[in-house]
Amino acid sequence: MDFKYDVVVIGAGHAGCEAAAASAGMGSKTCLITIDMNKIGQMSCNPAVGGIAKGQIVREIDALGGHMGLVTDRSAIQFRILNRSKGPAMWSPRAQCDRGKFIWAWRNVLENQENLHIWQDMVTELLVSDGHVTGVRTQLGAVFQCKCVILTAGTFLNGLIHVGRCQIPGGRTAEPASYGLTESITRHGIRSGRMKTGTPVRIDSRSVHFEDMEPQEGENDFHRFSFMGSERHLEQLCCWTCFTNERVHEELRKGLPDSPLFNGQIKSIGPRYCPSIETKLVTFPDKEQHQLFLEPEGTETREMYLNGFSSSMPMDVQIRALKEIPAFRDLVIYRPGYAIEYDYFDPTQLSANLESNVVGGLFMAGQVNGTTGYEEAGGQGILAGINAHISCHGGVPFTLGRDESYIGVLVDDLITKGVDEPYRMFTSRAEYRILLRQDDADLRLTERSYNVGLAKADRYEAMCSKRDEIASLIEFASTYPIKPALINPALEQLGTAPLREGCKIRDLIERPELTLDNLAPHINALHARLDKIDPQRRDEIVEAAQIQIKYSGYIDRERQIAAKMKRLEDIRIRGRFDYASLQSLSTECRQKLISHDPETLAQASRIPGVSPSDINVLLVLLNR
């Protein structure tokens, strides 16, 4: 070993795994450094991937040639599409995973990835010369020389665990915190801060009275996370739901004086959209109950995860409170919930390719950028991995727009607005969410990734085949005529109004009650056309074509809006203004523009405190 690499990745969580696989997969000699090889891809909190907007990110990672979707499909023990009652822009896949099998599926990917080495150690120092990364030093004294470093240290930087008044240094339970690395980074002018997150109690399923809970079954249709995925082969398990009650709340209230969140022990900010149970009690004092979800951790373990009961209360308080729930009256736990504080770095000091504007060759991804969630981390990781490779070997930085992907929305929000709490993705954050559906992530992103060398030929060819099949099916539906006499009996049977005059199949599909599948038995030509589609991809192609037909008006309108905003995205302003001297801008605007130094006019327009009138002033000055 010569300890010389193109790219060194610090941390093997969800961001680090995607980053290392991407840079190595594109041809960079890469080393992934992790404290514990047995915790690669560890699901530190709930053993699930996806969810609202997060599922879309995982499909985008997969479309780019990443591995989170494939690993999830291999380890899935329950799968569901959330938000089915809403439009397809809101549909979000989510899978419960076998935690242990998820780790080993990732290890299998990484240990068999060409150009990738793994080193078990702790990085303690970032090495920088003349404002550019030159390598890292580890706890064992090893010095790795490299052209780029990708920092994906998660919650390990100066991590501190809280259970009641008990405080334990650590990056995760029973794992050491990382010391020294934050300080070696901040001395170069990179700003850091502290954030907090938490996790719930883990329960022994043998102590649970499942008869007092409601089962929540999964779905077993054609949907997968990966566009290249195969059928789920693990046993599919049930999740369970129950509710807290006033007796639970009373026990928790008694423990509030010893709660780190309310006695001043924790001073950093936690995720607003994933509050602890004690925060729920204080924030919603009139709410009589809170829903809890009991989720399996795997097919061969009794350990279960209690979603909705994140807590840093003293462990005796957690246990007493939970025993007031009928299903947990004989409760036995493996460990209590806890909170953890950790360091992060101000993401407004990054460029859109996730490279530091302060230290060249330093890329950051995941919770070190102030985000929360496996999916957000993985999305940043694959983007950082692609760009680290490009930085090493030359080329144009690979960036994603807000109209191209949720990953693009995530990164733009981070570098433009910054964070004052752990950032979590929601569909509401994406102004073009009709364009960013989970069904078309491959159509949006695979070709772009293929062109830079990450997505491989088989994935690209599969996407092209799917795209052509969808276009052909839409063309058929748009041109095949239907006569009222032949279809009206079927329409009445399907609960929709009969035709008064002839139309095309497409016109019928635009009705909410009708689908290609429920019309096919009544239109022989349509039935025959659907039978021509590859059976393995039939349902996926039919669903995608149907969505494009039903929502074509909305999709076209959103594309027009995105195209107008794209003009501002193309107007570069970094380095063209002395903002402090522009008295025609508001004082707040000048301060924000000096602080953020946006790359484009569109990015400037998204900075809080920069008004539309300020953007108009800049446009006028640019025209001059």
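Check the entry above for the structure.
Residues numbered from 1 in each chain as written. Predicted model: local features only at pLDDT ≥ 70, side-chain atom pairs only at ≥ 80, totals over all residues. Heavy atoms only, no water.

Draft legend 1. Geometry of the pairing of strand β1 (residues 4–10). Burial of β1 is extensive: six of the seven residues sit out of reach of the surface. As defined by bridge partners, β1 adjoins strand β2 (residues 30–34) across four bridges and the pair is classed as parallel. Looking at the pairing, V8 lines up with C31 of β2. Chirality of the crossover, the property in question, places the unit of β1, helix α1 (residues 14–25) and β2 among those that are right-handed. (Buried < 20%, exposed > 50% of the residue type's maximum accessible area, 1.4 Å probe, protein only. Helix = DSSP H or I, 4+ residues; strand = E, 2+ residues; numbered from the N terminus. Pairing = 2+ DSSP bridges. Right-handed = clockwise from strand over helix to strand, strands pointing away.)

Draft legend 2. Molecular detail of unusual backbone geometry. The phi dihedral of A53 falls on the positive side, at around 70°, and the residue is not glycine. With respect to the element layout, A53 can be found in the loop between β3 (48–50) and α2 (54–63). Taking the relative accessible area as the measure of exposure, A53 reaches 0% and is therefore buried. With a phi close to 45°, D597 is a non-glycine residue in the positive phi region. Overall, the relative accessible area of 31% leaves D597 in the partly exposed class.

Draft legend 3. Quick peek at α2. By the criterion of burial, α2 is predominantly enclosed, with ten of the ten residues buried. One or two steps after α2, the chain reaches G65, where phi turns positive at roughly 105°.

Draft legend 4. Inspection of the environment of I523 at higher detail. Locating I523 in the fold gives a position in the loop between α15 (516–519) and α16 (524–531). Counting along the chain gives 205 residues from I523 to Q318, while the straight-line C-alpha distance between them is 60 Å. Contact partners of I523, with chain neighbours within four places excluded, come to Y480, I482, I487 and I505. (Contact = heavy atoms within 4.5 Å.)

Draft legend 5. Representation of the sheet that holds strand β5 (residues 92–97). The strand order across the open sheet built from three strands is β3-β5-β4, with neighbouring strands paired in antiparallel fashion. If you trace the sheet from one side to the other, it starts and ends with β3 and β4 (76–82), each paired once. Sheet twist, expressed as the mean angle between neighbouring strand axes with direction ignored, is 15°. Those strands touched by α2 are β3 and β5, and its axis lies near 85° from that of β5. (Axes fitted to C-alpha atoms, helices over the stretch in contact; angles between N-to-C directions.)

Draft legend 6. Examining the layout of surface pockets more closely. What the second largest pocket holds in volume is close to 650 Å³. If you trace the second largest pocket, you find 33 residues lining it, with A352, T399, L400, E569 and R572 closest to the centre. Tallied by class, the residues present in the lining of the second largest pocket amount to eleven nonpolar, nine polar and 13 charged. (1 Å grid on protein atoms, 1.4 Å probe; cavity = no way out; pocket = protein on both sides within 12 Å on 5 of 7 lines; lining within 4 Å. Points joined across faces, edges and corners; volume = space filled by probe spheres on them. Nonpolar A, V, L, I, M, F, W, Y, C, P; charged D, E, K, R; others polar.)

Draft legend 7. Structural context of the packing of aromatic side chains. A complete count under the given rule lists eleven aromatic pairs for this structure. Summarising the aromatic geometry, the rings of Y273 and F426 are spaced 4.6 Å apart at their centres and angled 70° between planes, so their arrangement reads as edge-to-face. Taken together, the positions of Y273 in the loop between α6 (246–254) and α7 (277–283) and F426 in the loop between α10 (406–417) and α11 (441–452) put the pair 153 residues apart, joining distant regions of the chain. Judged by relative accessible area, which is 19%, F426 ranks as buried. Here the aromatic rings of Y450 and Y460 are separated by 4.1 Å at their centres, their planes lie at 0°, and the arrangement is stacked. (Phe/Tyr/Trp six-rings, centres within 6.5 Å; stacked < 30°, edge-to-face > 60°.)

Draft legend 8. Representation of the pattern of salt bridges. This structure, assessed with the given rule, holds 54 salt bridges. Here E540 and R537 are joined by a salt bridge, their closest N and O atoms 3.4 Å apart. Given the relative accessible area of 17%, E540 is considered buried. Since its relative accessible area comes to 15%, R537 is described here as buried. Where salt bridges share partners, they join R402, D412, D413, K417, E431, E569 and R606 into one cluster. (Salt bridge = Lys/Arg side-chain N within 4 Å of Asp/Glu carboxyl O.)

Draft legend 9. Structural view of the nonpolar core. Formed by 104 residues in total, the largest nonpolar core has its most connected members in V8, V136, V149, L151, L362 and M364. By residue number, the principal contributor to this core is helix α9 (residues 374–393), which donates nine residues. Excluding anything up to four places from it in sequence, L151 contacts I10, L181, I185, F345, L362, F363, M364, A365 and V368. Ranked by size, the runner-up nonpolar core spans 27 residues in total, among them I474, I509, I541 and I549. (Core = buried A, V, L, I, M, F, W, Y, C linked by side-chain atoms within 4.5 Å.)

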